[in-house]
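# Architecture and fold: a report
Residue-level listing of the chains:
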Amino acid sequence: MAEFVYFTGPMDCGKSTLALQFDHTHSTGGRAGRLFTSQDRAGEATISSRLGLERPAIEVVEDFSFWRYVVEQLTQGSRIDYLICDETQFYLTEQIDDLARITDELQIDVYAFGILTDFRTTLFPGSQRLVELCDRIELLQVQPLCWCGARATHNARTVDGRMITEGAQVVVGDTEQEPSENVGYETLCRSHHRRRMTRAVARETLTEPA
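The sections below set out a description of the structure shown in this document. (Residues numbered from 1 in each chain as written. Predicted model: local features only at pLDDT ≥ 70, side-chain atom pairs only at ≥ 80, totals over all residues. Heavy atoms only, no water.)

### So, the overall build of the chain
Scanning the chain for helices and strands turns up six helices and 11 strands. In summary, the chain has a C-alpha radius of gyration of 18 Å against a globular reference of 17 Å for 210 residues, a match within 12%. Burial status across the chain gives 47% buried among its 210 residues. If you take every contact in the chain between residues at least 6 apart in sequence, the share linking residues at least 24 apart comes to 73%. Mean positive and mean negative side-chain charge positions of the chain (21 and 32 charges, respectively) differ by 6 Å. (Helix = DSSP H or I, 4+ residues; strand = E, 2+ residues; numbered from the N terminus. Rg over C-alpha atoms; globule rule 2.2 N^0.38 Å. Buried < 20%, exposed > 50% of the residue type's maximum accessible area, 1.4 Å probe, protein only. Contact = heavy atoms within 4.5 Å. Lys, Arg positive; Asp, Glu negative; His and termini not counted. Charge placed at Lys NZ, Arg CZ, Asp CG, Glu CD.)

As structure tokens, then:
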């Protein structure tokens, strides 16, 4: 029986790496799949890992229909056993509904990978719909660390190294060890996210890791 699984965690926990590993494992096992992504940091139609791995993928734009695409592929004689869907926090709720329908009615496995909450600790609409519809949620075990050494659980948006809590929900950027002068992201523990204590702010105030 096909399954609809959602793999999630904060930034830097290896979601895209795992997505590519899933595709490798299933394809070498003789299964046929399709890869999808949306707004990857490496550019359009690409799934990229921070470890340097990259694979071409189908870009999920606003008017993309998973149901229409899969049905057309099957009608033309193509084989599809599974879908790998990365950056699912950017998908529309209707697209998540399509993925559930594909699992149930076409018996195709769907493996979704994405961030659960945004920089304001608010659920992305696509992520919320995944939680509501998926068969199970898998929290990734590779745990990113806050600058203090504690487990990082929250995503922070930064400008010049300082955390901000206002702005559009979706601004594609990247996490960096050193703050940039542009928009960036940093993973923090809950305590330092609440206090807006980024790595750069901690250095300025001589805060000791705690």
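Back to the write-up after that little detour.
### Considerations on the nonpolar core
If you look at the biggest cluster of nonpolar residues, it comprises 22 residues, and the most contacted ones within it are Phe4, Phe36, Phe66, Leu83, Cys85, Tyr91 and Leu99. Elements supplying a minimum of two residues to this core: strand 1 (4-8), helix 2 (66-75), strand 6 (82-85), helix 3 (93-106) and strand 7 (109-114). Of all hydrophobic cores here, the second largest spans 14 residues; its members include Val5, Ile47, Ala57 and Tyr111. (Core = buried A, V, L, I, M, F, W, Y, C linked by side-chain atoms within 4.5 Å.)

### Here we look at a nonpolar patch on the surface
On the surface, Val131, Ile137 and Leu139 cluster together to form a nonpolar patch covering roughly 260 Å² of accessible area. Along the chain, the position of Val131 falls in helix 4 (residues 125-133). Take Val131: its relative accessible area is 39%, and that puts it in the partly exposed class. (Patch = residues over 30% accessible without salt bridge, like charges linked within 9 Å, V, L, I, M, F, W, Y side chains within 5 Å. Areas by Shrake-Rupley, 256 points an atom, 1.4 Å probe, with all protein chains shown as cover. Salt bridge = Lys/Arg side-chain N within 4 Å of Asp/Glu carboxyl O.)

### A word on the sheet that holds strand 2 (residues 33-37)
Each strand in a sheet pairs with another by means of backbone hydrogen bonds, the pair being arranged parallel or else antiparallel. With parallel pairing, six strands are arranged side by side in an open sheet as 5-2-6-7-1-8. The open sheet has two free edges, formed respectively by strand 5 (58-59) and strand 8 (136-139), since each of these has just one partner strand. Strand direction decides the pairing type here: strand 2 and strand 6, joined by four bridges, are parallel. Opposite Leu35, over in strand 6, you have Ile84 as the bridge partner. Each of strand 1, strand 6 and strand 7 touches helix 3; the most contacted strand, strand 1, lies at about 135° to it. Across the face of the sheet, helix 4 comes into contact with strand 1, strand 7 and strand 8 while running at roughly 135° to strand 1. (Pairing = 2+ DSSP bridges. Axes fitted to C-alpha atoms, helices over the stretch in contact; angles between N-to-C directions.)

### Quick notes on the packing of aromatic side chains
With the rule as written, the count across this model stands at 11 aromatic pairs. Measuring from ring centre to ring centre gives 5.0 Å for Phe64 and Phe66, while their planes differ by 90°; the resulting arrangement is edge-to-face. Take Phe64 and Phe66: they sit in the same class, and that class is buried. Taking the centre distance of 5.9 Å and the plane angle of 40° together, the rings of Phe64 and Tyr69 count as tilted. With a relative accessible area of 16%, Tyr69 lands in the buried category. (Phe/Tyr/Trp six-rings, centres within 6.5 Å; stacked < 30°, edge-to-face > 60°.)

### A few points about the sheet that holds strand 10 (residues 162-164)
Taken together, three strands build an open sheet; the order of strands is 10-9-11 and the sheet is antiparallel. The two strands at the open ends of the sheet, each matched to only one other strand, are strand 10 and strand 11 (183-188). On average, adjacent strands in this sheet sit at an angle of 50° to one another, irrespective of strand direction. Both strand 9 (residues 154-159) and strand 11 contribute to a ladder of six bridges, which runs antiparallel. Within strand 11, the residue paired with His154 across the bridge is Leu188.

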